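So you can see what is in the structure, the chains are spelled out below.
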Amino acid sequence: MEKIVVVTGANSGIGLALCHRLLSEDGQLRLCLACRNMKRAEAARAALLVTHSGARVDLLHLDVGSVQSVLSAAEELKARYHRVDFLYLNAGIMPNPTVDIRAFFKGLFSRNVINMFATAEGLLTQQDQLNSDGLQEVFATNLFGHFLLIRELEPLLCQPGHTSRLVWTSSSNARRSAFSIQDIQHQQGKEPYSSSKYASDMLSMALNKHKNEQGLFSSVTCPGLVMTNLTYGILPSFFWTLIMPFMWLIRIFTNTFTLTPYNGAEALHWLFLQKPESLDPRAKYHSLTSGLGTNYTEPRRMDLDDEMTEVFFSKLLELEREVRRNLSKKTADSEHYQQYLNEIQ
């Protein structure tokens, strides 16, 4: 039986590398690239078909930062497929990153240099903003859009006698200190990316608690330090030119510097091969690369609190209800306005 695999943010970086690896592993699967930019998605599909000429690769327009786009994409998926075996929740943004240059150079020549690059703790902030749905943009894109997509796809993910998998691309930057249960969208803070990634870790654990009995299992991965478009946007290009030789040198002494998207997709690919019952719902599965270039996956326990996780899950459900009410009101207002225009013509 062919597997149906949907990957968000699949047009470049870790998402595209994962697609190459999945097709190399199982040429019979049906792969759906769910992307915001359809031109780039077409290019990604073409690149996949060059090396996997017989592959079945579908495209889907999806902007996880837009509620309407998520709902439309979910309806399209339900019309195309009768189930989804794997949903890789990989899309994410880090808008307007700002680096504390003083802290960067201080850390660069300290014993803390590896941890600094791996977690960006004390180094990186972002400027977030509201999107058209009235949600914080990073929260909406990195977490809530994916949550809404899962909720909409439950008929395809939770089927009697069938097991489906959710796999999140999290981060070593997912820190409990950056998240506040009183401010789940991180409106008041300066680390929305870290907050959103910690939130995805919590959501994964909550989904396991509430959905395992229905055959839906969730796992979390960390790709390590990978050079992608998101990473390159953090510092000016000349900075990367200067420090890349240094980073390749450090890689000899640490396994978290995966550096390439192919290496960073190791844990995502490894989870594809595992039985969900054998996995630890409290573990984050890290992509690691040895100094000799060997890729492997290692589980590391996440810093999660059961009570706070349940409160967070409840808050997400309430926010979902609120968003749906607001969307219904907008739709009704739009219909009334159109009716008014028709009457006066």
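What counts and what doesn't
- Residues numbered from 1 in each chain as written.
- Predicted model: local features only at pLDDT ≥ 70, side-chain atom pairs only at ≥ 80, totals over all residues.
- Heavy atoms only, no water.
- UniProt positions renumbered as here; feature names shortened; annotations may be inferred.
- 1 Å grid on protein atoms, 1.4 Å probe; cavity = no way out; pocket = protein on both sides within 12 Å on 5 of 7 lines; lining within 4 Å.
- Points joined across faces, edges and corners; volume = space filled by probe spheres on them.
- Helix = DSSP H or I, 4+ residues; strand = E, 2+ residues; numbered from the N terminus.
- Pairing = 2+ DSSP bridges.
- Axes fitted to C-alpha atoms, helices over the stretch in contact; angles between N-to-C directions.
- Parallel < 35°, antiparallel > 145°, perpendicular 65-115°, else oblique.
- Left-handed = near helix turned anticlockwise from the far one by under 90°.
- Contact = heavy atoms within 4.5 Å.
- Nonpolar A, V, L, I, M, F, W, Y, C, P; charged D, E, K, R; others polar.

As recorded in an unreviewed UniProt entry, the protein goes by the name 3-keto-steroid reductase/17-beta-hydroxysteroid dehydrogenase 7, listed as coming from Poecilia latipinna. Its UniProt record gives the protein a comment under Subcellular location (unreviewed entry), which states: "Endoplasmic reticulum membrane".

Engineer: Where do I start with empty space enclosed by the protein in this structure?
Structural biologist: Gaps between atoms show up when a probe of the same size as a water molecule is rolled over them. Considering all chains together, one arrives at 1 cavity of 30 Å³ or more under this definition. In this structure, the largest cavity spans a volume of roughly 50 Å³. Lining of the largest cavity is provided by V64, G65, S66, V67, V70, N131, D133, L135, A140, F144, G145 and L148. Going through the elements one at a time, α3 (67-80) and α6 (137-152) are the ones with two or more residues in the lining of the largest cavity. Broken down by element, the lining of the largest cavity gets its largest block of residues, 4 residues, from α6.

Engineer: Explain the sheet that holds strand β1 (residues 4-8) here, please?
Structural biologist: Either a parallel or an antiparallel arrangement is found when strands of a sheet pair, and the pairing is made through backbone hydrogen bonds. If you trace the 8 strands from one edge of the open sheet to the other, you get β3-β2-β1-β4-β7-β8-β9-β10, paired in mixed fashion. The sheet is open, and its two edges are formed by β3 (56-61) and β10 (295-301), each paired on a single side. The sheet shows a mean angle of 25° between the axes of neighbouring strands, taken without regard to direction. Pairing of strand β9 (residues 283-289) with β10 involves 7 bridges; the strand directions are antiparallel.

Engineer: Which parts of the structure should I look at to understand the packing of helix α1 (residues 13-25) against helix α2 (residues 38-51)?
Structural biologist: Following both chains from N to C, one finds α1 and α2 inclined at 30°, their axes separated by 10 Å at the closest point. Accordingly, the angle class assigned to the pair α1 and α2 is roughly parallel. Considering the relative orientation of α1 and α2, their crossing is right-handed. Here α1 contributes L16, C19, H20 and L23 to the contact with α2, which in turn contributes A44, A47, L48 and T51. In the contact of α1 with α2, the residues fall into 6 nonpolar, 2 polar and no charged.

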